[in-house]
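# Inside the fold
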Amino acid sequence: LSAGTAAWHRIDPVLPWLVGLWCTGLSLINARSVREWLRLVHARRNAVRVDAWDWSVEALAARFGVRRPIALLATAAVDAPTLLGILKPAVLVPTALLLRLPPAQLELILAHELCHVRRWDYLVNLMQVVVETLLFYHPAVHWISSRVRADRELCCDETVIAVMGAPPRRYAQALAELAESASRIAPAASGGVLVERIETLLT
């Protein structure tokens, strides 16, 4: 027998067990992803539209070249501003943060989310989650995925500074108000390594 055939005969008896373990892991991780997605969908349905910011959101969308209508929704169900949706995107903002942040800082946070919309990051992130789910057993996949998320946030930070013309320190102060609690399913302003992002802005 060739080396390849001999190796296959050694693996063949345990192959059903390996497939079973993979299916079990896939089911558990997929259930977690679906549960998180349903939580965000439920939060969107029960959120309150912030009509007072409609004009500001439209003006920001025009500056970022976003033609799709964007809804700004307030909810207590999220811990950080979170983008949800592809064709009809909405930005979910924690009610407490909406009341606490000065308008200038909130505008920068919204600009960050609009940058995600322009880059179609919500769709890209969903595809990334699919790959993570299928290859959940491979640590390199999770490491690469975490770096992709971090670099995506850094890229949006740089775009916000360039488009809005805001001083990096002021933008860093806005980010410092956010909790390190980004969703795995949807891009959030607190995504990536928040400390790393703030340090990058201040250097």
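Treat the numbers as computed from the prediction; the structure is a model and nothing was measured. (Residues numbered from 1 in each chain as written. Predicted model: local features only at pLDDT ≥ 70, side-chain atom pairs only at ≥ 80, totals over all residues. Heavy atoms only, no water.)

## Some remarks on the pairing of strand β4 (residues 90-94)
Let me state the cut-off plainly: Burial status follows relative accessibility: with a 1.4 Å probe on protein chains alone, a residue under 20% of its type maximum counts as buried, one over 50% as exposed, and anything between as partly exposed. Under the DSSP-based scheme used, a helix requires at least four consecutive residues in state H or I and a strand at least two consecutive residues in state E, with every element numbered from the N terminus. The criterion for strand pairing is that DSSP finds at least two bridges linking the strands in question.
Counting buried residues along β4, 5 of its 5 residues qualify, which places the element largely inside the surrounding structure. Relative to β4, strand β2 (residues 71-75) runs parallel, the two being bridged by 5 bridges. Bridge assignment links Leu72 to a residue of β4, and that residue is Val91. Here strand β3 (residues 82-84) pairs with β4 via 3 bridges, running antiparallel. If you follow Thr82 over to β4, its bridge partner there is Leu92. In textbook terms, the turn of a hairpin is the stretch between consecutive antiparallel strands, and for β3 and β4 this stretch comprises 5 residues, one of which, Gly85, has a positive phi near 110 degrees.

## Concerning the packing of helix α3 (residues 54-63) against helix α5 (residues 103-118)
To be explicit about the condition: A fitted line through C-alpha atoms serves as each axis, taken over the contacting stretch for helices, and the angle formed by two N-to-C directions is quoted from 0 to 180°. For classification purposes, angles smaller than 35 degrees are called roughly parallel, those larger than 145 roughly antiparallel, those between 65 and 115 roughly perpendicular, and all remaining angles oblique. Helix crossings fall into two classes, left-handed where the near helix is turned counterclockwise from the far one by less than a right angle and right-handed where it is turned clockwise. The contact criterion used throughout is that any non-hydrogen atoms of two residues lie within 4.5 Å. Under the convention adopted here, Pro, Cys and the residues Ala, Val, Leu, Ile, Met, Phe, Trp and Tyr are nonpolar, Asp, Glu, Lys and Arg are charged, and Gly plus all remaining residues are polar.
Direction vectors running N to C along α3 and α5 enclose 50 degrees, while the axes themselves pass 10 Å from each other. In terms of orientation, α3 lies oblique with respect to α5. Remark: the crossing between α3 and α5 carries right-handed chirality. Each of Val57, Leu60 and Ala61 in α3 lies in contact with α5, whose residues at this interface are Glu107, Leu110, Ala111 and Leu114. Considering only residue class, the contact of α3 with α5 consists of 6 nonpolar, no polar and 1 charged.

## Remarks on helix α8 (residues 168-176)
Test applied: Throughout, the arc means the angular range of directions from the helix axis out to the C-beta atoms.
Looking only at α8, the buried set comprises Tyr171, Ala172, Ala174 and Leu175. When α8 is viewed along its axis, its buried side chains cluster within an angular range of 155 degrees and face the same direction. Looking at the packing, one finds that the buried side of α8 touches α5, α7 (139-164) and α9 (194-202).

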